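Chain and residue survey
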Amino acid sequence: MHDHHDRLTILMMGNPNVGKSALFNRLTGANAVVSNYPGTTVDVTKGSLRKDRHSYEIIDVPGAYSLEARDAAEEVAVRILDTHPDAVVMIILDATRVERGLYLALEVIERGAPCIVALNMMDVAQDKQIAVDTAEMQRVLGIPVVATTAISAEGVKHLADMIRKAQVADLSAIRSRLNGQEPDQGAVARCAGCGGGGCR
Amino acid sequence: MGLTADERWDLVDAIAQRTVAFGISRQTTGDVLGELTVKPLTGIPTALAVLYAFWSIFGSFAGALVTDGFMIKLFDGYWLPWMQAAWPDPGSVHYFLFVGDPAAETCFEAFGMLTSGLFVSFGVVLPAIFVFYLMMTLLEDSGYLPRLAVLMDTLLHKIGLHGYAIVPAILGLGCNVPAVTATRTLETKKQRFIMMTLLALFIPCGAQLGIMLQVVPDTVGWVLLYLLIGFVVFGYVLSRVIPGSNPEILIDVPPYRWPQRANVAKKLWNKTRGFLTNAVPFVMLGILIVNILYLTGFIGWLADLAAPLFVTWFGVPKETVGPLLAAFLRKDLAVAQLATIPMTSYQMITAVVLISIYFPCVATFAMMVREGPRQLLAAIGVLAAVVLIYGGLIHAVGILLGVA
């Protein structure tokens with residue numbers, strides 16, 4: 001395994017104003033502009049991360065509510081996804097607004113890209129008495145789910161560790177697990193880092 | 001593959017039901033403030049107070065405290081006389097380029113690279129953009145901008161824009177370059193075209209505002225009023241003339257957060273560094289080019305050529321053509337150059353407005369080429385028409401008021 005041969009590209013995607021750029025800066029040490037309004041990032045910022053022996057190119061993608069692009073910033077997001085078919089997608093969810101983020105997450109999952117979820121803004125969620133069960137979300141989706149608070153860097157190291165565990169999620173398997181069945185042991189077992197206990 | 005939106009939402013609901021639990025949350029101070037600042041009854045006075053505070057801190061810190069209180073004394077009292085005495089050959093070309101007028105008493109009048117260039121860059125514009133970006137970052141990071149957008153929505157819809165267009169407009173008050181890119185968050189081509197055109201025409205940048213505080217301290221309000229009226233009137237006209245739709249979109253209003261000191265410092269440093277590396281060389285280059293054009297007689301020739309338009313139609317001295325050329329490189333430089341031309345205070349107002357609207361600076365122009373190359377020709381056409389019409393109108397208003 002030589003770094004320059006398998007330099008993985010990670011696309012950071014999520015709704016506007018969920019903290020993608022803040023998380024991106026934490027992961028890469030880069031200087032993406034971070035503000036508290038949706039639509040701060042309208043262009044592409046690239047950075048790199050070395051973790052153990054792996055080297056990743058990380059791309060901070062403009063926020064999008066859906067892959068059916070509505071404005072020029074979302075068009076940029078879709079174009080990046082199209083032009084990086086082999087990339088791992090890191091889906092950033094706002095822990096206080098999980099649903100709308102999951103919609104985009106499912107769209108990405110449907111495209112068959114290997115994914116990992118960062119459940120960001122856990123601090124705000126706690127303040128608002130919103131509890132998100134990361135272990136259960138990981139079990140249902142069959143991809144790693146990591147709780148993070150980008151603003152204080154909590155969970156960021158763990159997130160970086162879990163990137164290599166990203167995997168392709170299977171919609172029908174998600175459905176069966178939601179119905180209480182356990183269809184394919186394989187997919188979940190491969191995420192072995194935490195013994196099914198949730199990647200907290 | 002290929003779920004419908006409804007199927008996808010069903011799946012989302014099922015996953016969320018499994019994983020998300022809501023406790024009883026009490027209303028925080030932030031929530032209450034959040035409500036108060038978007039409801040029109042309390043929100044509009046708040047917005048006016050915020051904008052007024054912004055402007056008065058900008059003016060008192062950058063204008064009165066740093067520039068008047070310190071920089072002018074330093075540059076006019078020590079630097080300029082020293083340069084005039086120390087630089088050899090007052091009659092030579094290099095003296096003219098680097099020091100400028102040997103008899104000048106202020107750094108505005110001298111117009112050499114090392115006198116006016118340094119004064120405009122470091123004495124006037126640097127403190128202005130520094131305090132501007134400090135306050136801007138606080139607005140950005142606290143979460144106030146989207147709330148302002150909600151308040152402005154009704155008004156901006158009247159001129160064919162969505163409320164969210166206030167974000168590029170406010171960013172443009174810092175610098176038009178990132179503002180042009182920020183129009184990407186607008187939904188339709190029509191909205192983007194209108195916003196880009198209005199940005200290029202009527203939104204002065206922070207550097208320009210800073211220098212305006214120095215050159216026209218007493219009438220800067222009139223200049224801003226003319227720009228604001230132009231923004232609204234031509235926005236309205238453009239929204240009627242340009243085909244396309246202006247759909248309603250929902251604005252995502254984030255909760256208030258305390259700006260983080262590290263993030264504020266980082267942004268401030270990035271902007272300041274950007275100014276030092278990108279803008280200062282352009283100011284210097286601008287002075288160099290303008291001075292060479294003067295020496296070769298080009299500006300004099302152009303001024304005579306443009307005299308009918310400038311004197312009769314706009315009502316400003318024909319020498320204004322020089323600053324207008326410089327405005328393509330740096331608008332702050334152009335406004336500074338106006339200070340060297342003798343004219344009445346109303347002519348000065350007109351000239352400052354003309355510099356703002358006549359053409360975007362080269363950096364903004366390059367960004368517009370990148371963002372909408374196809375619409376650019378249309379934008380330039382609109383620009384030319386607006387400059388002619390509005391410049392004439394301002395002159396006409398002056399005649400009616402009996403001041404021009």
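All residue numbers refer to position in the chain's written sequence, counted from 1. All chains are assigned letters beginning at A, and all ligands numbers beginning at 1, according to the order in which they are written. Residue-level local features of this predicted model are given only where pLDDT is at least 70; pairs of side-chain atoms are given and counted only at 80 or more, and the full residue set underlies all totals for whole chains, interfaces and linings. Side-chain measures were taken over the full set of non-hydrogen atoms in the model, leaving aside hydrogen atoms and water.

Considerations on a negative patch on the surface
Rules: Exposure above 30% relative accessible area and no salt bridge define the residues that can form patches, which grow by joining like charges within 9 Å and nonpolar side chains of Val, Leu, Ile, Met, Phe, Trp and Tyr within 5 Å. Note on areas: Shrake-Rupley, 1.4 Å probe, and residue coverage restricted to the protein chains presented here. Put simply, a salt bridge is a Lys or Arg side-chain nitrogen that is within 4 Å of an Asp or Glu carboxyl oxygen. By the counting rule applied here, Lys and Arg register as positive and Asp and Glu as negative, while His and the ends of each chain are not counted. Charge coordinates come from a single atom per side chain, which is NZ of Lys, CZ of Arg, CG of Asp or CD of Glu. Put simply, DSSP H or I for four residues or longer makes a helix, DSSP E for two residues or longer makes a strand, and each gets a number counted from the N terminus.
A surface patch of negative charge is lined by Asp6(B), Glu7(B), Asp10(B) and Asp13(B). Relative to the helices and strands, Asp10(B) resides in helix α1 (residues 5–19).

Looking at the packing of helix α6 (residues 113–142) of chain B against helix α13 (residues 261–295) of chain B
All names here are of chain B. Definition in use: Orientation is described by axes fitted as lines to C-alpha atoms, over the contacting stretch for helices, and by angles from 0 to 180 degrees between their N-to-C directions. For classification purposes, an angle smaller than 35 degrees is called roughly parallel, one larger than 145 roughly antiparallel, one from 65 to 115 roughly perpendicular, and anything else oblique. Should the near helix be turned anticlockwise from the far one by less than a right angle, the crossing is termed left-handed; should it be turned clockwise, right-handed.
Relative orientation of the contacting elements α6 and α13 amounts to 150°, with a least axis distance of 9 Å. Taken together, the axes of α6 and α13 lie roughly antiparallel to each other. Considering only the axes of α6 and α13, their crossing is right-handed.

Brief notes about unusual backbone geometry
Residue Ala153(A) is not a glycine yet carries a positive backbone phi of 70°. Mapped onto the secondary structure, Ala153(A) falls in the loop between β7 (145–147) and α6 (156–162). Even without being glycine, Phe111(B) reaches a positive phi, approximately 60°. Among the structural elements, Phe111(B) can be located in the loop between α5 (107–110) and α6.

Here we look at the side chain of Ser21(A)
Residue and element names in this part refer to chain A. Rules: Each residue gets one of three labels from its accessible area relative to the maximum for its type: buried under 20%, exposed over 50%, partly exposed in between, using a 1.4 Å probe on protein chains only. Working rule for contacts: check all heavy atoms of both residues, and any pair within 4.5 Å makes them a contact.
Structurally, Ser21 can be placed in helix α1 (residues 20–28). Taking relative accessible area as the criterion, Ser21 reaches 8% and is therefore assigned buried. Leaving out residues up to four positions away in the same chain, Ser21 has contacts with Ala32, Val33, Val34, Thr41 and Asp60.

Some words on the environment of Ala303(B)
Residue and element names in this part refer to chain B. Along the polypeptide, Ala303 turns up in helix α14 (residues 298–314). For Ala303, a relative accessible area of 5% gives the class buried. Here the alpha-carbon distance between Ala303 and Gly322, two residues 19 residues apart in the chain, equals 7.6 Å. Not counting chain neighbours up to four residues away, the residues in contact with Ala303 comprise Lys318 and Val321.

As for a nonpolar patch on the surface
Together, Trp222(B), Leu225(B), Ile229(B), Val233(B), Tyr236(B), Val237(B) and Val241(B) make up a nonpolar patch on the protein surface, roughly 640 Å² of accessible area in all. Checked against the element boundaries, Leu225(B) lands in helix α12 (residues 220–241).

Quick word on the interface of chain B and chain A
To be explicit about the condition: Put simply, buried area is the surface a 1.4 Å probe can reach on two separate parts but cannot reach once they are joined, added for both. Between N or O atoms, a polar contact is any pair within 3.5 Å; within protein, one atom must be a potential hydrogen donor and the other a potential acceptor, and residues adjacent in sequence are included only when both atoms are from side chains. Throughout this entry, Asp, Glu, Lys and Arg are counted as charged residues, while Ala, Val, Leu, Ile, Met, Phe, Trp, Tyr, Cys and Pro are counted as nonpolar. The remaining residues, Gly among them, count as polar. Being paired, for any two strands, means DSSP has found at least two bridges between them.
Counting residues at the interface gives 49 residues for chain B, matched by 53 residues for chain A. Interface of chain B and chain A: buried area, both sides summed, is about 4300 Å²; carbon and sulfur atoms make up 56% of it. On inspection of chain B and its partner chain A, the count reaches 8 salt bridges. Between Asp252(B) and Arg97(A) there is a salt bridge whose closest N-O contact spans 3.0 Å. On inspection of chain B and its partner chain A, the count reaches 26 residue pairs in polar contact (both at pLDDT 80 or more). Among the elements of the structure, α1, β1 (20–22), α6, α7 (144–158), α8 (166–174), α9 (176–182) and α13 of chain B are those that each provide at least two residues to the side of chain B that touches chain A. With 10 residues, α1(B) is the single largest residue contributor to the side of chain B that touches chain A. Tallied by class, the residues present in the side of chain B that touches chain A amount to 25 nonpolar, 11 polar and 13 charged. In the sheet, strand β6 (residues 130–132) of chain A pairs with β1(B) via 3 bridges, with the strands oriented antiparallel. Looking across to β1(B), one finds that Ile130(A) is bridged to Phe22(B).

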